Amino acid sequence: MSRQSVLIVDDEPDIRELLDITLSRMGLATHTAATLAEAREAVSRELPDLCLTDMRLPDGNGISLVEHIQQDFPQIPVAMITAHGSVEAAIAALKAGAFDFISKPIELDTLRRLVTTALQLEGDTSRADSAVDQDLIGSGSSIAQLRRQITKLARSQAPVHIHGESGSGKEVVARLIHNNGPRASGAFVAVNCGAIPPELMESELFGHVKGSFTGANQDKIGLFQAAAGGTLFLDEVADLPLAMQVKLLRAIQEKAIRPVGANAEQATDIRLLSATHKNLAAEVEAGRFRNDLYYRINVIDLKVPSLRERKEDLPELAAALLRRIAREEGSDGAELEPSALEALQGYDFPGNVRELENMLERALALSDGTSITADDLQFASAAPRQPAAPAAVDALPAQRGAATVPELEAAYGDLEGYLANIEKQVLSQALEETRWNRTATAKLLGISFRSLRYRLKKLGLDD
């Protein structure tokens, strides 16, 4: 079996020799080139498994080589060697399609990790395509484009910012990027930045050493260390306090973190993905998010469409979710009746896929177990859109003395809580009468066993 090979492109003989020796000791075959023209010829001739190229070459720049390889040899990952602190060059390389970058002076441990990760990429992307198809359901154009983007981004180490409405599936997309890339065997660590108290943020992300503050009774690793060799997903990144944004920026640029109370920095080896439902550019404009951090985490921008934008996927998506819910509950599942599908199509889903999943879970519990009708659906946030009323009806004068919404709320108070208490009393009484025999209770109340189980769980009576 032939050894994997790396093409080294640099006009400095000392750099080429250093890289050649290091990679040879890793058991890799090496080829070298000193110019852009030599590199292009070597790529065609050798078809290396990885290309390492300097940014500045005598007859051009490394970006041109990245673009050439992306166009004609997309299966070959390219890593860019940049000058120290040259953030703009690194970002330009990643945007052009580079797998990753490494800064001069080259740290050999960092180089070895980069090369090892890059060589884990498979030239054949068909398996990744299949995996993304399975987990990202739908046949519409927007979801098809998202699949293609995920498959491509999974082969890169570039920071990706995923934006979309709440419930649209941003974490699902982040996991797909991780699971179908070279870091799939590493950890996927997800953190909701808005859920961490500001005073604990630094310790949570970077860790701390024993005695660094009151209550620090032992060393603690942070989320960066926990994600070593894998992916760190910062959800709701727009909620980071400004002071923490500065420290995160340094960690990303230097690829190193300093635990609270530590004397030295520690190198990090993570793929960074982030997400928010907010407009990050607007947050920058308002002064709530640093422009330099935005520039750094938004190297690749990925939009997840809302469910409203992909209504053509609703029948397929709803059916798949129903199958999964039924499988998890150990039941045979149910089919969506045309009336239910029509009602779903007329709803705007402000909560997106997450709301659809919750709605179907409730509907399955309330149904007869074989089919779900429109009556089984509960639209939590708003009723489905109804056809416009005739003009004659619209023109009728408002009824005199009709109660306003605030008046109704004052009269009835917490109507949902009131009704829940009544339901709880009825269920408790029925359970007492049947000596907590649930099958007999369902029969007594004239509801299905699945519906009873759902209601008991909802009301906290399932213990």
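Above: the structure in question.
In this report, the structure presented in the accompanying data block is examined.

Criteria and cut-off values
- Residues numbered from 1 in each chain as written.
- Predicted model: local features only at pLDDT ≥ 70, side-chain atom pairs only at ≥ 80, totals over all residues.
- Heavy atoms only, no water.
- Helix = DSSP H or I, 4+ residues; strand = E, 2+ residues; numbered from the N terminus.
- Buried < 20%, exposed > 50% of the residue type's maximum accessible area, 1.4 Å probe, protein only.
- Salt bridge = Lys/Arg side-chain N within 4 Å of Asp/Glu carboxyl O.
- Pairing = 2+ DSSP bridges.
- Right-handed = clockwise from strand over helix to strand, strands pointing away.
- Axes fitted to C-alpha atoms, helices over the stretch in contact; angles between N-to-C directions.
- Parallel < 35°, antiparallel > 145°, perpendicular 65-115°, else oblique.
- Left-handed = near helix turned anticlockwise from the far one by under 90°.
- Contact = heavy atoms within 4.5 Å.
- Nonpolar A, V, L, I, M, F, W, Y, C, P; charged D, E, K, R; others polar.
- Polar contact = N/O pair within 3.5 Å; in protein donor to acceptor, adjacent residues only side chain to side chain.

Below, the discussion takes up unusual backbone geometry. Of the consecutive residues Lys104 and Pro105, the connecting peptide bond is found in the cis state with omega at -5 degrees. With respect to the helices and strands, Pro105 occurs in the loop between strand E7 (100-103) and helix H5 (108-118). Despite not being glycine, Leu47 shows a phi value in the positive range, around 45 degrees. Residue position: Leu47 is located in the loop between helix H2 (36-46) and strand E3 (50-54). At Asn352, a position not held by glycine, the phi torsion is positive, near 60 degrees. By secondary structure assignment, the location of Asn352 is in helix H16 (residues 352-366). Using a relative accessible area of 0% as the deciding quantity, one classes Asn352 as buried.

Now for the pattern of salt bridges. As enumerated under the stated definition, the model contains 20 salt bridges in all. A salt bridge links Glu46 to Arg45, with the nearest nitrogen and oxygen atoms 3.0 Å apart. We classify Glu46 as partly exposed; its relative accessible area is 30%. Among the ionic pairs, Asp313 bridges to Arg310, the shortest N-O distance being 3.1 Å. For Asp313, a relative accessible area of 0% puts it in the buried group.

Of all five residues making up strand E6 (residues 78-82), five are buried, and the element is well covered by its neighbours. On E6, burial covers both faces: Val78, Met80 and Thr82 on one face and Ala79 and Ile81 on the other are all buried. Taken together, the four bridges between E3 and E6 define a ladder with parallel strand orientation. Counted as the bridge partner of Asp54 is Ile81 from E6. As judged from the four bridges shared by E6 and E7, these two strands associate in the parallel manner. Bridge pairing in E7 places Met80 opposite Phe101. Once the chain exits E6 it traverses helix H4 (residues 87-96) before rejoining the sheet at E7, and the crossover so formed is right-handed.

Taken N-terminus to C-terminus, the directions of helix H3 (residues 62-72) and H4 make an angle of 15 degrees; their axes are 9 Å apart at the nearest point. Considering their axes alone, H3 and H4 lie roughly parallel with respect to each other. The chirality of how H3 crosses H4 is right-handed. Residue-level inspection shows Ile63, Val66, Glu67 and Gln70 of H3 in contact with H4, the latter providing Ala92, Ala93 and Ala96. Among the residues forming the contact of H3 with H4, the class breakdown is five nonpolar, one polar and one charged.

Once that is clear, we can look at the pairing of E3. Counting buried residues in E3 gives five out of five residues, a clear majority hidden from the surface. The two faces of E3 match: Leu50, Leu52 and Asp54 on one face and Cys51 and Thr53 on the other face are all buried. Taken together, the four bridges between strand E1 (residues 5-9) and E3 define a ladder with parallel strand orientation. The residue bridging Val6 from the neighbouring strand is Leu50, located in E3.

Read from one edge to the other, the open sheet built from five strands follows the order E2-E1-E3-E6-E7, with strand pairing classed as parallel. Each edge of the open sheet is held by one strand with a lone partner, namely strand E2 (29-33) and E7. Strand-to-strand twist of the sheet, defined as the mean angle between neighbouring strand axes without regard to direction, takes the value 20 degrees.

Note that Asp54 resides in strand E3. A distance of 3.4 Å separates the side chain of Asp54 from the side chain of Lys104, its partner in a polar contact. Contacts of Asp54, omitting those with residues within four sequence positions, involve Val9, Asp10, Asp11, Gly62, Met80, Ile81 and Lys104.

So, about the environment of Phe206. Within the secondary structure layout, Phe206 lies in helix H9 (residues 201-206). We classify Phe206 as buried; its relative accessible area is 3%. Separated by 60 residues in the primary sequence, Phe206 and Gln266 place their C-alpha atoms 9.6 Å from one another.

Sheet architecture is open: five strands sit in the order E9-E10-E13-E8-E14, paired in parallel fashion. Only two strands of the sheet have a single partner each, and these edge strands are strand E9 (188-192) and strand E14 (300-303). Averaged over neighbouring strand pairs, the angle between their axes works out to 20 degrees when direction is ignored. Sheet topology places strand E8 (residues 160-163) next to strand E13 (residues 271-276); four bridges connect them, and they run parallel. The residue bridging His163 from the neighbouring strand is Thr276, located in E13. On top of the sheet, helix H8 (residues 170-179) reaches E8, E9, strand E10 (231-235), E13 and E14; it is set at about 150 degrees to E8, its chief contact.

Now for the environment of Asp11. Residue placement: Asp11 occurs in the loop between E1 and helix H1 (13-25). Taking relative accessible area as the criterion, Asp11 reaches 35% and is therefore assigned partly exposed. Distance from Asp11 to Leu36, taken between C-alpha atoms, is 9.5 Å for residues 25 residues apart in sequence. The contact partners of Asp11, leaving out residues within four places of it in the chain, are Arg16, Ala34, Asp54, Arg56, Leu57 and Pro58.

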